[in-house]
Amino acid sequence: MKFQIEDVTVYFPYDHIYPEQYSYMIELKRALDAKGHCLLEMPTGTGKTIALLSLITSYSLSKPQSPIKLIYCTRTVHEMEKTLAELKLLHNYQIKHLGPQARILAIGLSSRKNLCVNPTVLAAENRDSVDAGCRKLTASWVRAMAAENPNVPTCQFFENYEKAASAAVLPPGVYTLQDLRAFGKEKGWCPYFLARHMVQFANVVVYSYQYLLDPKVAGIISKEMQKESVVVFDEAHNIDNVCIEALSVSVRRQTLEGATRNLNRISQEIDRFKATDASRLRSEYNRLVEGLALRGNLPITDTWLSNPALPDDILKEAVPGNIRRAEHFLHVLRRLVQYLRGRLETDNVEKESPVGFVASISSHAGIDQKTLKFCYDRLHSLMLTLEITDTDEFLHIQTICDFATLIGTYARGFSIIIEPFDERMPHIPDPVLQLSCHDASLAIKPVFDRFQSVVITSGTLSPIDLYPRLLNFHPVVSRSFTMSLTRDCICPMVLTRGSDQLPVSTKFDMRSDPGVVRNYGKLLLEMVSVVPDGIVCFFVSYSYMDGIINTWNDSGILKEIMQHKLVFIETQDVVETTLALDNYRRACDCGRGAVFFSVARGKVAEGIDFDRHYGRLVIMFGVPFQYTLSKILLARLEYLRDTFQIKEGDFLTFDALRQAAQCVGRVIRSKADYGMMIFADKRYSRHDKRSKLPSWILSHLRDANLNLSTDMALHIAREFLRKMAQPYDKTGGSDRKTLLSQEDLEKMGDGSVHEMLY
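It should be emphasised that the depicted structure is a prediction, and the values quoted were computed from it without experimental measurement.

Parameters and conventions
- Residues numbered from 1 in each chain as written.
- Predicted model: local features only at pLDDT ≥ 70, side-chain atom pairs only at ≥ 80, totals over all residues.
- Heavy atoms only, no water.
- UniProt positions renumbered as here; feature names shortened; annotations may be inferred.
- Helix = DSSP H or I, 4+ residues; strand = E, 2+ residues; numbered from the N terminus.
- Buried < 20%, exposed > 50% of the residue type's maximum accessible area, 1.4 Å probe, protein only.
- Pairing = 2+ DSSP bridges.
- Salt bridge = Lys/Arg side-chain N within 4 Å of Asp/Glu carboxyl O.
- 1 Å grid on protein atoms, 1.4 Å probe; cavity = no way out; pocket = protein on both sides within 12 Å on 5 of 7 lines; lining within 4 Å.
- Points joined across faces, edges and corners; volume = space filled by probe spheres on them.
- Nonpolar A, V, L, I, M, F, W, Y, C, P; charged D, E, K, R; others polar.
- Domains from an automatic or database assignment.
- Core = buried A, V, L, I, M, F, W, Y, C linked by side-chain atoms within 4.5 Å.
- Contact = heavy atoms within 4.5 Å.
- Phe/Tyr/Trp six-rings, centres within 6.5 Å; stacked < 30°, edge-to-face > 60°.
- Lys NZ or Arg CZ within 6 Å of the ring centre and 35° of its normal.
- Axes fitted to C-alpha atoms, helices over the stretch in contact; angles between N-to-C directions.

A. Just the UniProt feature "domain: Helicase ATP-binding" (unreviewed entry) in the chain, in detail. The UniProt entry lists residues 7-285 under the feature "domain: Helicase ATP-binding" (unreviewed entry), expressed in the numbering used here. Span residues 7-285 is 57% helix and 13% strand, its end C-alpha atoms 60 Å apart.

Here it is as structure tokens:
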């Protein structure tokens, strides 16, 4: 269907549109017109992705004189593929209506591991090894050697891509990662470098958060992007954590041992070069004296990761004299590693600010702040001069230089925390030194400053007013949408006590109480006997899940559950979990029914959908608070309190409830779907906790369901399932339409949409 929103003709590839999609588009257009940033919370399963894509591409088509580029960031490769598949559908629809003028180029960009087509490189098991395998075949000095000696291996795909030169372009269209690989194989070109080259010409780019938020990656990939771009962070409820991880570094004993090995190897390489080709080291020295830290624009294959500090904070001056000579630089790094090793030999937890830490390095190891700041760039330059290709071997020294550059650059928003052991296993010495960033606004500030509109959207952004404070920006539009439903297809309940009227909770003093564990087991046992197909249970942590399953196993509850349904468990091993999920789905498909035990903040809670019969009920056992004694969390809470006036309790509750909402939100993925959510903890009945849940869940949470015991919950579940089995009208009754056709939209004009929604 196509319809007007003010001066924009929106092309929407389906025959009907949900009212909330329509109002979502109106709010999104307001933000684009204002050239500002916006926060939009939209319930899961209401077509957020297609609403975003169709409005922004249509907006671009309606303003051909100043087209905007869309940069769409997702969390996982799977979500990236889904987004590009939706875009393909939309693109075909627009071409059908508008002809060739609607053509766009849209590509997904991922790491070499997901795009490489060279079988010898792909044989490596992890991402770093694939990157290094690629460098061994494509670095400029390897290719120069291959030109003289044909026995030196190179990559055929990359050579063909280079030969094609300016002819190596992608024709317009929408390319998923699969399409890029197929195109590369057919033409004999390297899909990874082709995609990297085409990113600057594409109308739509879909890639991972890190490509914009992590300065090491963004410095290479995203520096070409023009200002007239709209950036969308989809599923962005955890965006503050992504920003913090991008600027945090942790150093362990293994890191320091690895760094020492790296330094010995670099030292051997320097000696080898001195014997065979001393002029290279001399020319590097002269270049550094002149202040050209790197040789202008490097060939695309030689660029390694970029500087870990944010672009505005990188010094634009010459490298200090004491590290210009390669061997002097090595001495500095050895002293730094030695100093860090001494700091790890501690029996107490230590916390220090970067300023104090830098002063201590200066007095003990004789390395000043400016030298620290240049460590990363100097290492990068040295690795290029020494023509080192196996970069995966040098990750340890790279971590040390990351650490040095960040503490040399930033004075506030960070702390250095040294822990001699993990508090959960105090008898195992495992010292770790962490530079942890507390200020999420640091990493995302360049994105807000540089692009004209940034859209942050997700199914769980409540309470929505906390995000602008955490990320330190001013949205022009900030809205939370509710779900328009023909029938109440979600049924949230708060269960506060078992059938024996004992309260249930995972509070620290109650969680190991045998009464609580027994009541949780009885609740699940009663539910498996009534609810058909799949049930998903979320626990607050792996250790709690292990403990509770063991107790249930000893008391025979697990055996009784297994008589009704099969049980599958998420573990920390990705392969095991994938297998368990696969078998869980098979058990649901064949009618045997299954229960999946999972953990809040785990892989499953973040990205796996339990739609239709794969999830008819989600039970959230407890409130998933973070481990509150963690030193890093305490330091961050203190920073948030002092800088943004966010109370500790508010932040912890907000964080726990966005995780809980994320877990229960997995059950409903479309309006034809239905499912129940049980929040099994007495703390959910308190208004201050409950009110932080998204509005689309709260609007279905009746007062009668706020304080239930197991037998009452069972009764409600039976009633609900009986009601859901009745036939219903998908478009909605006469009074409230939940599916709008093109005629409805034309009849309504703008006014009545708002009446219908609110």
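Anyway, onward from the coordinates.
B. Quick look at the pairing of strand E19 (residues 617-621). Counted residue by residue, E19 has five buried out of five residues, so it is predominantly covered. With burial as the criterion, each face of E19 is covered, one bearing Leu617, Ile619 and Phe621 and the other bearing Val618 and Met620. Note that strand E16 (residues 534-539) and E19 share four bridges and pair parallel. When the sheet's bridge partners are listed, Ile535 is paired in E19 with Leu617. Bridging between E19 and strand E20 (residues 675-680) involves five bridges; their strand directions are parallel. By the bridge assignment, Val618 is partnered in E20 with Met677.

C. Focus on the pattern of salt bridges. Applying the stated criterion to the full structure yields 45 salt bridges. For Arg272, the salt bridge goes to Glu269, with nearest N and O atoms at 3.1 Å. Here Glu269 and Arg272 lie together in helix H14 (residues 253-276), a separation of three residues that amounts to about one turn. By relative accessible area, Glu269 is classed as buried at 12%. Overlapping salt bridges, with partners in common, bring together Glu6, Asp7, Lys29, Asp33 and Lys63 in one network.

D. Spotlight on the environment of Phe183. One can find Phe183 in helix H9 (residues 177-187). In sequence terms Phe183 and Leu170 are 13 residues apart; their C-alpha atoms lie 8.7 Å from each other.

E. Structural context of empty space enclosed by the protein. Counted according to the given criterion, the structure contains four cavities of 30 Å³ or more. Contributing to the lining of the largest cavity are 14 residues, with Cys116, Asn118, Cys134, Cys155 and Cys190 lying nearest its centre. Of all the secondary structure elements, the ones that give two or more residues to the lining of the largest cavity are helix H6 (127-138), helix H8 (156-164) and helix H10 (191-198). In terms of residues, the lining of the largest cavity owes the most to one element, H6, which gives three residues. Roughly 60 Å³ of internal volume is contained in the second largest cavity. Forming the boundary of the second largest cavity are Asn307, Ala309, Asp313, Ile314, Leu315, Lys373, Phe374, Asp377, Thr405 and Thr409. The residue inventory of the lining of the second largest cavity, partitioned by class, reads four nonpolar, three polar and three charged.

F. Summary view of the domain arrangement of the chain. Per the domain assignment, the segments making up the chain are domain 1 (1-65 + 476-484 + 735-757), domain 2 (247-439) and domain 3 (490-725). With centres defined by C-alpha atoms, the gap from domain 1 to domain 2 works out at 49 Å.

G. Structural context of the nonpolar core. Core analysis: the largest hydrophobic core is formed by 172 residues, its most contacted members being Phe3, Tyr207 and Phe233. The element best represented in this core is helix H16 (residues 326-344), accounting for ten residues. In contact with Phe3, other than residues within four places in its own chain, are Val8, Thr9, Val10, Phe12, Ile17, Tyr22, Met25 and Leu745. Counting 85 residues, the second largest nonpolar core, distinct from the first, contains Tyr584, Val623, Ala660 and Ile697.

H. Quick peek at the environment of Lys631. Residue position: Lys631 is located in helix H28 (residues 631-644). Taking relative accessible area as the criterion, Lys631 reaches 26% and is therefore assigned partly exposed. A C-alpha to C-alpha distance of 8.6 Å links Lys631 and Lys351, two positions 280 residues apart in sequence. Residues in contact with Lys631, not counting those within four places in the same chain, are Val349, Ile417, Glu419 and Glu423.

I. Looking closely at unusual backbone geometry. A cis amide bond links Ser462 to the next residue, Pro463, at an omega of -10°. A positive phi angle, near 50°, is found at Glu6, a position not held by glycine. Mapped onto the secondary structure, Glu6 falls in the loop between strand E1 (2-5) and strand E2 (8-11). Residue class for Glu6 comes out exposed when judged on its relative accessible area of 53%. A positive phi angle is found at Arg612, which is not glycine, with a value near 45°. You can see Arg612 is positioned in the loop between helix H27 (603-607) and E19.

J. Layout of the packing of aromatic side chains. Enumeration over the complete set of coordinates arrives at 30 aromatic pairs. Site record: aromatic cluster; members linked through ring pairs are Tyr520, Phe539, Tyr544, Trp552, Phe597 and Phe621. We note Arg585 situated over the ring of Tyr614; from NZ or CZ to the ring centre the distance is 5.2 Å.

K. Summary view of the sheet that holds E20. The strand order across the open sheet built from seven strands is E17-E18-E16-E19-E20-E15-E21, with neighbouring strands paired in parallel fashion. What marks the edges here is a single partner per strand, and that holds for strand E17 (566-569) and strand E21 (708-709). Lying over the sheet, helix H32 (residues 710-724) contacts strand E15 (490-497), E20 and E21, oriented at roughly 170° with respect to E15.

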